[in-house]
Amino acid sequence: MIHQEQLRFNKKIKFNFKGGDLTSDAGLLLIQEFMHHMKFPELLKQYFYLETDQAIRTHTNHDLCLQQIYQTIAGYHCADDADELRVDPLLTTLLDKPSLASQPTLSRFTHRLTKETSKQFELINQKLLSQFYQVETPHHFIFDVDSTHFQTYGHQYGKAFNAHYQAQGFHPLMVFDGMTGDCLKVELRAGNVYTSRNIVSFIGPLLSHYQKRFPSSYRIVRGDSGFAHKELYKLCETLNTNYVIRLKANATLYRLAKEVMDVFLEECSLQYSQQFYGEFEYQAKSWDRPRRVIVQVRRKAGELIPDYLFLVTNMETRPEMVISLYAKRGTMENYIKECKNGFRMDKVSHQHWMTNVNRIQLMVLAYNLINGFRRLTLPHEFSKMQIETLRIKLIKIAAKRVKQSRRIMFKLCSHHPYKEVFHHCLKTIQAIQLE
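Conventions adopted
Residues numbered from 1 in each chain as written. Predicted model: local features only at pLDDT ≥ 70, side-chain atom pairs only at ≥ 80, totals over all residues. Heavy atoms only, no water. Helix = DSSP H or I, 4+ residues; strand = E, 2+ residues; numbered from the N terminus. Buried < 20%, exposed > 50% of the residue type's maximum accessible area, 1.4 Å probe, protein only. Contact = heavy atoms within 4.5 Å. Areas by Shrake-Rupley, 256 points an atom, 1.4 Å probe, with all protein chains shown as cover. Lys, Arg positive; Asp, Glu negative; His and termini not counted. Charge placed at Lys NZ, Arg CZ, Asp CG, Glu CD. Phe/Tyr/Trp six-rings, centres within 6.5 Å; stacked < 30°, edge-to-face > 60°. Pairing = 2+ DSSP bridges. Axes fitted to C-alpha atoms, helices over the stretch in contact; angles between N-to-C directions. Parallel < 35°, antiparallel > 145°, perpendicular 65-115°, else oblique. Nonpolar A, V, L, I, M, F, W, Y, C, P; charged D, E, K, R; others polar. Core = buried A, V, L, I, M, F, W, Y, C linked by side-chain atoms within 4.5 Å.

The name that an unreviewed UniProt entry assigns to the chain is IS1380 family transposase, with the source organism given as Turicibacter bilis.

Draft legend 1. The overall build of the chain, seen in detail. Secondary structure assignment for the chain yields 15 helices and 16 strands. Buried residues in the chain amount to 51% of all 435 residues. Partitioning the contacts of the chain with sequence separation of at least 6, the portion at a separation of at least 24 is 66%. On the chain, roughly 22,400 Å² of surface is accessible, and the fraction owed to carbon and sulfur atoms is 51%. Taken as two groups, the 58 positive and 43 negative side-chain charges of the chain have centres that lie 5 Å from each other.

Draft legend 2. Representation of the packing of aromatic side chains within the structure. One pass over the full model with this rule turns up 24 aromatic pairs. Relative to Phe121, the ring of Phe48 has its centre 5.0 Å away and its plane inclined at 15 degrees; by these criteria the two rings are stacked. Taken together, the residues Phe48 in the loop between α2 (40-47) and α3 (61-74) and Phe121 in helix α7 (residues 115-135) connect sequence positions 73 residues apart. Since its relative accessible area comes to 2%, Phe48 is described here as buried.

Draft legend 3. Spatial organisation of the pairing of strand β13 (residues 291-299). Across the nine residues that make up β13, a large majority, eight, are buried. Relative to strand β14 (residues 307-313), β13 runs antiparallel, the two sharing seven bridges. Its bridge partner being in β14, Val293 is matched across the sheet by Val312.

Draft legend 4. Layout of the sheet that holds strand β7 (residues 167-170). Reading across from one edge, β5-β7-β6 is the order of the three strands in this open sheet, with antiparallel pairing throughout. Of all strands in the sheet, those with a lone pairing partner are β5 (150-151) and β6 (160-162), marking the two edges. Across two bridges, β5 lies against β7 in antiparallel orientation. From the neighbouring strand, Gln151 faces β7, where its bridge partner is Gly169.

Draft legend 5. Local environment of the sheet that holds strand β15 (residues 399-403). The strand order across the open sheet formed by three strands is β3-β15-β16, and the pairing between neighbours is antiparallel. Of all the strands in the sheet, just β3 (22-23) and β16 (408-412) have a single pairing partner and so form its edges. One ladder, built from two bridges, connects β3 with β15; its direction is antiparallel. Following the sheet pairing, Thr23 is matched in β15 by Ala399.

Draft legend 6. The arrangement of the packing of helix α12 (residues 331-343) against helix α14 (residues 387-395) in detail. Axis separation between α12 and α14 bottoms out at 9 Å; the angle between their running directions is 45 degrees. Taken together, α12 and α14 sit at an angle that is classed as oblique. Side by side, α12 and α14 meet where Glu338, Asn341, Gly342 and Phe343 of the first sit next to Ile387, Glu388 and Arg391 of the second. Residue composition of the contact of α12 with α14, by class: two nonpolar, two polar and three charged.

Draft legend 7. Representation of the nonpolar core in the model. Ranked by internal contacts, the top residues of the largest apolar core, which has 116 residues, are Phe143 and Ile203. If you tally residues by element for this core, the top one is helix α13 (residues 353-377), at 12 residues. Those residues in contact with Ile203, other than ones at most four positions away along the chain, are Phe143, Val175, Val221, Leu232 and Leu235.

Printed below as a string of structure tokens:
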């Protein structure tokens with residue numbers, strides 16, 4: 001006998017959890033179609049290899065990677081969710097198997113990952129972005145580099161106190177494309193390292209790759225004062241890449257700015273908010289030569305002391321244009337929040353360092369798959385939506401699986417309010433042609 005629950009507000013209504021072969025994530029069909037056209041499963045099989053006794057395993061390493069990515073995209077971030085999803089009709093169909101891997105199986109898989117596999121995931125991410133570039137050829141790249149805070153749990157290797165965040169945790173380094181929001185690279189670091197620690201070795205290979213791949217593109221590195229590092233300037237100049245990086249104010253910069261801006265400040269009225277721009281040559285003691293510095297002076301209405309903003313750059317455009325370009329760097333904070341809140345990239349709760357490193361790389365792949373899907377297939381009014389909104393509108397769709405002799409039919413909710421968007425995405429995806 002099927003157990004049923006009765007509702008007190010209306011005794012005619014009863015319910016149970018025996019509705020049949022149902023799924024609540026039918027929108028993953030779109031994601032799988034997009035991954036297929038982007039040749040992501042082929043990239044995984046070609047570049048990901050883990051030396052284990054895979055021949056005797058029920059679940060291959062590639063399937064375990066895909067399962068984790070699907071679960072992340074659908075919003076199942078808890079490891080125990082894998083046990084509840086083992087016989088989900090949609091996920092089992094996507095992976096073409098009678099049941100999915102359990103939580104212990106996924107945990108054992110992540111513990112087997114190594115430093116070499118993390119490099120493989122980075123390469124797969126690079127290849128995936130190259131597939132996106134075939135659909136939309138970019139002409140500008142803005143390398144937004146920043147660090148952030150990842151919370152730790154218990155006695156984890158690398159856990160340390162960070163004075164800036166006033167918290168214990170990790171201090172990873174991240175770089176995004178400011179034009180598209182793609183996550184280009186992430187490196188997990190101990191919590192007490194300085195912001196620009198290993199910045200040259202981190203971003204150098206990335207800049208070299210884009211210089212060779214897109215030699216005629218316009219490339220800019222953008223960062224806050226934590227990345228005011230002489231070796232980073234040299235790297236950008238060597239690789240024919242522009243940079244706009246904030247400088248920490250000091251007495252010399254104030255003096256040089258005052259010489260340039262005195263005339264404007266004398267004419268500034270205290271009744272109105274005003275801002276002025278200037279530039280001068282500046283050479284810090286550690287620099288090998290002088291470099292161009294842009295200064296913005298802002299005085300709010302009724303205030304005597306103005307605010308100064310200093311940027312070092314090798315760009316030749318007007319100062320106000322450089323300031324405007326740097327001001328748009330704030331969008332990177334949104335990308336970082338999306339990675340943390342939408343994909344739980346900061347949930348690095350494993351005791352082993354390399355397990356956390358590889359988990360982050362898998363989350364980067366999930367993030368970029370959704371970001372590419374959002375950018376390349378969605379209508380314009382949907383293309384800026386965060387993953388949580390996309391889950392509600394396009395992924396969390398109820399559907400029933402009906403098995404027939406020659407095919408499998410998924411019957412999606414007939415009252416879904418975004419059916420037209422779903423069909424639009426499907427047509428756009430199937431029109432994609434890659435080499």
